[in-house]
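Read off the chains here:
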Amino acid sequence: MATNYDRLDAGQRATVDASVETYARVRPALKAVTRDVLHVLRDMFNDSDEADPLFVTGRTKTVESFKEKISRLDPPAEPGGAPTLKFPDPFRTLNDMVGLRVITRLPRDNAIAANLIKRQRDIFDCRGDREKAIGSIESGTYGYSSRHLILRTLQNDAVKAYQTVFNPELPANGSYFFECQIRTIFAHAWSEIEHDIRFKSSDPRAWSPQFDRQFTATAAMLEVVEKEFAELHERYEKVRSFWNEAGEGGQPLTPDRIRDVWQTLLPHVDRKVDDDWGWAAELVAAHGFTRTWQLVELLDAERITDVRKALDHRYSPGPDRLLDDLLLWRFGRDHIDLTAEPAESPVHPRRDSLQRRLRQIERYRLN
């Protein structure tokens with residue numbers, strides 16, 4: 001396979017060779033820069049309560065990769081002209097010789113991690129911030145989403161040592177540009193595989209347009225998966241807050257609150273045709289339930305499973321029937337006495353129904 005370097009003319013090769021020779025000489029010092037900024041970022045996240053990435057990694061571009069990148073050509077400036085080197089002065093224009101990656105769980109974590117890094121103004125100066133997916137979103141196409149920060153170190157000792165190796169005649173100021181990519185674990189996996197196949201393919205003849213279609217399809221599927229995990233996480237955080245008696249869990253059980261809790265915990269059991277949840281507030285209030293956490297505790301998944309088995313509902317119960325049965329399961333005859341007609345009433349259909357259901361529950365418990 002012809003490389004970028006193979007396409008260069010003699011003059012361009014001489015320029016590239018000189019830069020590669022310099023890079024090979026200074027790369028050990030540049031690896032020390034990579035280690036230093038990597039430790040800084042890891043310590044920053046370890047000390048933070050805001051962001052908790054899955055992992056932070058870094059790499060110094062290999063000599064081979066450096067050579068191939070700086071061998072890229074730009075189209076001729078004028079028709080009939082010769083193509084020119086895209087990076088004629090790579091040590092001034094390339095920002096990815098040192099590259100760091102922050103791998104997160106969810107898309108929302110990307111912004112949190114980026115903002116945390118950008119606030120470290122005594123260590124880094126952020127000179128670029130780009131969301132790679134923006135172009136894809138606006139064009140209606142798919143690709144992996146990644147936040148790209150261009151950071152500049154400030155008075156960094158490892159950078160000063162590198163600068164001294166690079167050119168001892170110039171004063172070392174400790175300022176160096178490098179790239180930090182922030183992306184989710186899904187985007188990371190997609191981009192790694194895509195990069196290996198698309199950009200590191202050993203034989204261009206092995207390429208097929210079907211690969212493009214498959215990469216687009218997998219990018220679309222991963223976007224859906226990320227959204228589902230993001231919604232799952234939001235629901236988890238909301239449910240967890242319901243148990244906080246000093247916060248959400250302590251909120252009064254108004255009809256609207258009961259509806260919101262129910263639709264969060266049991267969205268699959270919502271067959272009501274109206275928004276009147278006053279009946280539910282009356283039922284739970286009869287047992288002294290006044291706070292959110294008390295209702296959440298009642299709506300225990302194992303209890304719901306037992307109630308369904310015990311009563312063997314002929315039809316899938318709606319919220320009103322299921323809540324009534326859960327209270328009956330927990331409070332037994334007290335629930336009947338508190339919410340049904342008096343025993344001496346001439347007609348007592350609710351009391352009869354509750355008593356019949358309670359007998360079913362008691363038989364189930366005996367088994």
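Residues numbered from 1 in each chain as written. Predicted model: local features only at pLDDT ≥ 70, side-chain atom pairs only at ≥ 80, totals over all residues. Heavy atoms only, no water.

**Comments concerning the overall build of the protein chain**
Now for step 1: The helix and strand inventory of the protein chain stands at 15 helices and 7 strands.
Now for step 2: Against the 2.2 N^0.38 benchmark of 21 Å for 367 residues, the protein chain shows a C-alpha radius of gyration of 32 Å, more extended than a compact globule.
Now for step 3: Viewed in the frame of its principal axes, the protein chain has a C-alpha envelope of about 105 × 50 × 40 Å.
Now for step 4: In the protein chain, buried positions account for 38% of the 367 residues.
Now for step 5: Nonlocal contacts in the protein chain, meaning residues at least 24 apart in sequence, comprise 69% of its contacts between residues at least 6 apart.
Now for step 6: Approximately 21,100 Å² of the protein chain is accessible, and the part contributed by carbon and sulfur atoms is 50%.
Now for step 7: Placing the 54 positive and 59 negative side-chain charges of the protein chain at their respective mean positions leaves the two points 3 Å apart. (Helix = DSSP H or I, 4+ residues; strand = E, 2+ residues; numbered from the N terminus. Rg over C-alpha atoms; globule rule 2.2 N^0.38 Å. Buried < 20%, exposed > 50% of the residue type's maximum accessible area, 1.4 Å probe, protein only. Contact = heavy atoms within 4.5 Å. Areas by Shrake-Rupley, 256 points an atom, 1.4 Å probe, with all protein chains shown as cover. Lys, Arg positive; Asp, Glu negative; His and termini not counted. Charge placed at Lys NZ, Arg CZ, Asp CG, Glu CD.)

**As for the sheet that holds strand β5 (residues 124-131)**
Now for step 1: Within the open sheet, the 5 strands sit side by side as β1-β4-β7-β6-β5. Their pairing is mixed. Pairing within the sheet leaves two strands with one partner each, and these edge strands are β1 (55-60) and β5. Taken pair by pair, the neighbouring strands of this sheet meet at an average axis angle of 20°, ignoring direction.
Now for step 2: Examined bridge by bridge, strand β6 (residues 147-153) and strand β7 (residues 177-184) share 6 bridges and lie antiparallel to one another. In the strand pairing of β7, Arg-152 is matched with Phe-177. (Pairing = 2+ DSSP bridges. Axes fitted to C-alpha atoms, helices over the stretch in contact; angles between N-to-C directions.)

**A closer look at the pattern of salt bridges**
Now for step 1: This structure, assessed with the given rule, holds 21 salt bridges.
Now for step 2: Salt bridges sharing common partners tie together Arg-321, Asp-324, Asp-325, Arg-350 and Arg-357. (Salt bridge = Lys/Arg side-chain N within 4 Å of Asp/Glu carboxyl O.)

**Remarks on helix α9 (residues 255-265)**
Now for step 1: Regarding α9, the residues found buried are Arg-257, Ile-258, Arg-259, Val-261, Trp-262 and Thr-264.
Now for step 2: Contact partners of the buried residues in α9: α8 (209-242), α10 (278-285), α11 (292-298) and α13 (319-331).

**Quick look at a positive patch on the surface**
Now for step 1: A contiguous patch of positive charge on the surface is contributed by Arg-333, Arg-356, Arg-359 and Arg-363.
Now for step 2: Structurally, Arg-363 can be placed in helix α15 (residues 349-366). (Patch = residues over 30% accessible without salt bridge, like charges linked within 9 Å, V, L, I, M, F, W, Y side chains within 5 Å.)

**Looking at helix α1 (residues 10-46)**
Side chains of residues three or four places apart in an α-helix project in the same direction, reflecting 3.6 residues per turn.
Now for step 1: Along its 37 residues, α1 runs 50 Å from first to last C-alpha, staying within 8% of the 54 Å computed at 1.5 Å per residue.
Now for step 2: The sharpest bend along α1 reaches about 50° and sits at Arg-27, with the proline Pro-28 one to four residues further on.
Now for step 3: In this structure Asp-9 caps α1, since a side-chain oxygen of it lies 3.2 Å from the backbone nitrogen of Gly-11. (Expected span 1.5 Å × (residues − 1). Bend = angle between axes of the 7 residues up to and from the residue. Polar contact = N/O pair within 3.5 Å; in protein donor to acceptor, adjacent residues only side chain to side chain.)

**A closer look at the pairing of β7**
Now for step 1: Among the 8 residues in β7, 7 count as buried, and that is most of the element.
Now for step 2: As paired elements, strand β4 (residues 98-104) and β7 share 6 bridges and run parallel to each other. What sits directly across from Arg-101, in β7, is Gln-181.

**Observations concerning the nonpolar core**
Now for step 1: One finds Leu-41, Phe-45, Val-102, Ile-117, Tyr-176 and Cys-180 to be the most contacted residues of the largest nonpolar core, which totals 40 residues.
Now for step 2: The set of elements that each furnish at least two residues to this core consists of α1, α2 (63-70), β4, α4 (107-118), β6, α6 (157-166) and β7.
Now for step 3: Ranked by residues supplied to this core, first place goes to α1 with 12 residues.
Now for step 4: Among residues more than four places away in sequence, those in contact with Val-102 are Leu-41, Phe-45, Pro-53, Phe-55, Val-56, Ala-113, Ile-117, Cys-180, Gln-181, Ile-182 and Arg-183.
Now for step 5: Grouped together as the second largest cluster of nonpolar side chains are 32 residues, Leu-266, Ala-310, Leu-323 and Leu-354 included. (Core = buried A, V, L, I, M, F, W, Y, C linked by side-chain atoms within 4.5 Å.)

**A word on a nonpolar patch on the surface**
Now for step 1: A surface patch of nonpolar side chains, about 220 Å² in accessible area, is lined by Leu-54, Phe-55 and Ile-185.
Now for step 2: By the element assignment, Leu-54 lies in the loop between α1 and β1.

**A few points about the side chain of Thr-104**
Now for step 1: Residue placement: Thr-104 occurs in strand β4.
Now for step 2: Within the local environment of Thr-104, its side chain forms a polar contact with the side chain of Asn-110, the two groups lying 2.6 Å apart.
Now for step 3: Ignoring any residue separated from it by four or fewer positions in sequence, one finds Thr-104 in contact with Leu-54, Asp-109, Asn-110, Ile-182, Arg-183, Thr-184 and Ile-185.

**Topic: the packing of aromatic side chains**
Now for step 1: Enumeration according to the criterion identifies 13 aromatic pairs in this entry.
Now for step 2: When the centroid spacing of 5.6 Å and the interplanar angle of 25° are considered together, the rings of Trp-277 and Trp-279 count as stacked.
Now for step 3: By relative accessible area, Trp-279 is classed as partly exposed at 21%.
Now for step 4: Connected via pairs of aromatic rings, a cluster forms that spans Tyr-23, Phe-66, Phe-91, Tyr-162, Phe-166 and Tyr-176.
Now for step 5: Of note, Lys-67 hangs over the ring of Tyr-5, and the distance from its end group to the ring centre comes to 4.0 Å.
Now for step 6: The residue whose ring lies beneath Arg-365 is Trp-329, and the NZ or CZ to ring-centre distance is 4.0 Å. (Phe/Tyr/Trp six-rings, centres within 6.5 Å; stacked < 30°, edge-to-face > 60°. Lys NZ or Arg CZ within 6 Å of the ring centre and 35° of its normal.)

**Looking at the layout of surface pockets**
Now for step 1: Estimates place the volume of the second largest pocket at around 490 Å³.
Now for step 2: As for the second largest pocket, its lining consists of 15 residues, and the residues nearest its centre are Phe-91, Gln-163, Phe-166, Ser-175 and Tyr-176.
Now for step 3: A total of 3 residues in the lining of the second largest pocket trace back to one element, the largest contributor, which is α6.
Now for step 4: Grouping the constituent residues of the lining of the second largest pocket by class yields 9 nonpolar, 5 polar and 1 charged. (1 Å grid on protein atoms, 1.4 Å probe; cavity = no way out; pocket = protein on both sides within 12 Å on 5 of 7 lines; lining within 4 Å. Points joined across faces, edges and corners; volume = space filled by probe spheres on them. Nonpolar A, V, L, I, M, F, W, Y, C, P; charged D, E, K, R; others polar.)

**As for the side chain of His-148**
Now for step 1: Looking at the secondary structure, you find His-148 in strand β6.
Now for step 2: Of the residues examined, His-148 reaches a relative accessible area of 8% and is grouped as buried.
Now for step 3: Of the polar contacts made by the side chain of His-148, one reaches the side chain of Ser-146; its length is 3.2 Å.

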